[in-house]
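Descriptive analysis of the structure
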Amino acid sequence: MTTAEKLTKIAERMPEVYKAGQKSEYDRFWDNYQNNGGIVNGTYMFAGYGWNDDNYNPKYPIKINSCTGLFRFCKITSTKVEIDVTSSSDGTYLFHYADALIVIPKIIVNEGTTYGNWFENCTALEEIRFEGTIGKSLDIHWSTGLSMLSLASIVGALSKTVTGQTITLPTTARATYDNATISGAWDNLVSQYTNWTFAYA
Amino acid sequence: MDRIVLTASEGMLLTNGEIYATRLELGDWDSPDNYREITMEEYNAILQREEDREIYDM
């Protein structure tokens with residue numbers, strides 16, 4: 001092989017080498033930042049205007065033992081991966097002022113999870129899916145564009161045994177749900193949860 | 001049993017000091033006595049105090 005042929009061969013492989021370098025750097029950062037997918041302290045982990053769709057690309061599901069301010073003030077549009085807060089003993093400001101956030105594909109909670117100001121000013125949120133049981137008061141009324149499936153997920157996750165708790169929803173909830181199903185469907189749904197006060201704001 | 005439904009008057013909100021709403025469908029443990037009406041001005045003043053506290057918390 002001549003030198004010219006060798007140089008051509010090397011040049012041909014440059015994109016491949018570049019991609020491998022990118023992957024290596026991606027792995028190095030996210031393996032470290034996410035503790036190789038293990039439980040991490042999530043306090044303010046993705047908070048602030050600097051986190052956006054370009055740089056937020058988690059490699060693993062998010063498992064945290066503290067969730068205060070996890071996505072506070074961020075500019076991402078989707079949390080992309082599942083978020084498991086069942087090991088978290090605190091719980092304020094999780095999505096506080098994440099006003100670009102449209103999709104939360106899965107959030108895993110348990111009956112002890114608390115929701116202090118989690119969704120304040122989450123005005124763009126449309127899709128959210130809960131897994132587990134909601135056992136404490138939750139206020140998501142800022143998210144006026146929640147889909148029927150999101151509303152069904154929230155209400156469907158409410159504990160049927162707790163008392164003294166309130167779910168606060170946008171005033172659009174009933175119409176959104178009924179328009180996507182049949183008239184009276186919302187009333188039928190919430191009638192299964194007489195242990196909860198439903199507030200609309 | 002039908003739920004007790006509370007609806008705020010025009011330009012007012014219902015509150016128990018923690019929840020602010022225009023309409024409430026009470027759970028079987030809840031009572032209308034737990035709520036009172038406030039004006040939007042009162043609500044905005046509460047929000048301002050909350051915001052001041054949140055900034056302090058950051």
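The structure under discussion appears in the preceding block.
What counts and what doesn't
Starting afresh in each chain, residues are numbered from 1 along the sequence in its written order. Going through the entries in the order they are written, you letter the chains from A and number the ligands from 1. The predicted nature of this model means local features are confined to residues of pLDDT at least 70 and side-chain atom pairs, given and counted, to a pLDDT of 80 or more, with totals for whole chains, interfaces and linings taken over all residues. Working from all heavy atoms in the structure, the side-chain values ignore hydrogens and water. What is meant by a nonpolar core is a set of buried Ala, Val, Leu, Ile, Met, Phe, Trp, Tyr and Cys residues, joined one to another through side-chain atoms within 4.5 Å. The rule is simple: take the accessible area with a 1.4 Å probe, protein chains only, and divide by the maximum for that residue type; under 20% is buried, over 50% is exposed, in between is partly exposed. Strands are runs of DSSP state E lasting at least two residues, helices are runs of H or I lasting at least four, and both sets are numbered from the N terminus onward. Here a residue-residue contact requires only that any non-hydrogen atoms of the pair lie within 4.5 Å. When DSSP finds two or more bridges between a pair of strands, those strands are recorded as paired. Handedness of a crossover is defined as follows: orient the strands so they point away from the viewer, and if the path from the first strand over the helix to the second runs clockwise, the crossover is right-handed. Defined in terms of a 1.4 Å probe, buried area is the accessible area two parts forfeit on being brought together, summed over both. Within this document, salt bridges are pairs made up of a side-chain nitrogen of Lys or Arg and a carboxyl oxygen of Asp or Glu, the two lying within 4 Å of each other. N or O atoms closer than or at 3.5 Å make up a polar contact, with two conditions inside protein: a donor-capable atom paired with an acceptor-capable one, and, for residues adjacent in sequence, both atoms drawn from side chains. Under the scheme applied, nonpolar residues are Ala, Val, Leu, Ile, Met, Phe, Trp, Tyr, Cys and Pro; charged residues are Asp, Glu, Lys and Arg; polar residues are all the others, including Gly. Stacked, tilted and edge-to-face are the three classes applied to pairs of Phe, Tyr and Trp rings, where Trp contributes its six-membered ring and a pair requires centres within 6.5 Å; stacked means planes under 30 degrees apart, edge-to-face means over 60, and tilted covers the rest. Note on criteria: charge over ring means Lys NZ or Arg CZ within 6 Å of the ring centre, with the direction from the centre no more than 35 degrees off the ring normal.

Thoughts on the nonpolar core
Residue and element names in this part refer to chain A. Residues Phe71, Phe95, Phe119, Phe130, Trp186 and Phe198 are the most contacted members of the largest nonpolar core, which totals 52 residues. Taken together, the elements giving at least two residues each to this core come down to strand E2 (62–66), strand E4 (103–109), strand E5 (127–132), helix H2 (148–156), strand E7 (165–169), helix H3 (173–180), helix H4 (185–190) and strand E8 (196–200). It is H4 that provides the largest number of residues to this core, a total of four residues. Excluding residues that lie within four positions of it along the chain, Trp186 makes contacts with Leu151, Val155, Leu169, Ala173, Arg174, Tyr177, Asp178, Phe198 and Tyr200.

Some words on the pairing of E7(A)
All names here are of chain A. Counting buried positions over the five residues of E7 gives five, a clear majority of the element. Neither face of E7 is left uncovered, since the one carrying Gln165, Ile167 and Leu169 and the one carrying Thr166 and Thr168 both have all their residues buried. Note: strand E6 (residues 138–139) against E7, two bridges, orientation parallel. Among the inter-strand pairings, Asp139 is bridged to a residue of E7, identified as Thr168. You can see the chain leave E6, run along H2 and come back into E7, and the turn it takes is right-handed. Relative to E8, E7 runs parallel, the two sharing five bridges. Residue pairing across strands places Gln165 opposite Trp196, the latter belonging to E8.

Considerations on the interface of chain A and chain B
Contact with chain A, which involves 24 residues of that partner, is made by 19 residues of chain B. The junction of chain A with chain B conceals about 1,600 Å² of combined surface from both sides, 44% of it contributed by carbon and sulfur atoms. When residues of chain A are sorted by the area they lose upon contact with chain B, Thr194(A), Thr197(A) and Tyr200(A) head the list and together hold 29% of the total. The interface formed by chain A and chain B includes one salt bridge. For the salt bridge of Arg174(A) with Glu25(B), the shortest nitrogen-to-oxygen distance reads 2.6 Å. Where chain A meets chain B, there are twelve residue pairs in polar contact (both at pLDDT 80 or more). Elements with a minimum of two residues in the side of chain A that touches chain B: E7 and E8 of chain A. Per element, the largest residue contribution to the side of chain A that touches chain B is five residues, and it comes from E8(A). Its residues placed into classes, the side of chain A that touches chain B shows ten nonpolar, eleven polar and three charged.

Looking at the environment of Ser159(A)
Residue and element names in this part refer to chain A. You can see Ser159 is positioned in the loop between H2 and E7. Here the alpha-carbon distance between Ser159 and Tyr193, two residues 34 residues apart in the chain, equals 8.0 Å. Beyond its immediate sequence surroundings of up to four residues, Ser159 is in contact with Glu111, Thr133, Ile134, Gly135, Tyr193, Asn195 and Trp196.

Digging into the packing of aromatic side chains
Residues and elements named next belong to chain A. On inspection of all chains with the given rule, the structure shows 22 aromatic pairs over all chains. Pairing Tyr49 with Phe73 gives two aromatic rings, centres 5.9 Å apart and planes at 70°, and the pair type is edge-to-face. One end of the pair, Tyr49, is in the loop between strand E1 (40–41) and E2; the other, Phe73, is in the loop between E2 and strand E3 (83–84), and 24 residues separate them in sequence. Accessibility expressed as a relative area gives 58% for Tyr49, which makes it exposed. Its relative accessible area of 17% is what places Phe73 among the buried residues. Summarising the aromatic geometry, the rings of Tyr177 and Trp186 are spaced 5.4 Å apart at their centres and angled 65° between planes, so their arrangement reads as edge-to-face. Judged by its relative accessible area of 11%, Tyr177 is buried. Assessed through its relative accessible area of 0%, Trp186 is described here as buried. A connected cluster of aromatic rings, assembled from ring pairs, spans Tyr26, Phe29, Trp30, Tyr33, Phe46, Trp51, Tyr56, Phe71, Phe95, Tyr115, Trp118 and Phe119. Sitting over the ring of Tyr93, Arg72 keeps its end group 4.0 Å from the ring centre. The cationic tip of Arg174 hangs over the ring face of Tyr200; the distance from NZ or CZ to the ring centre is 5.4 Å.

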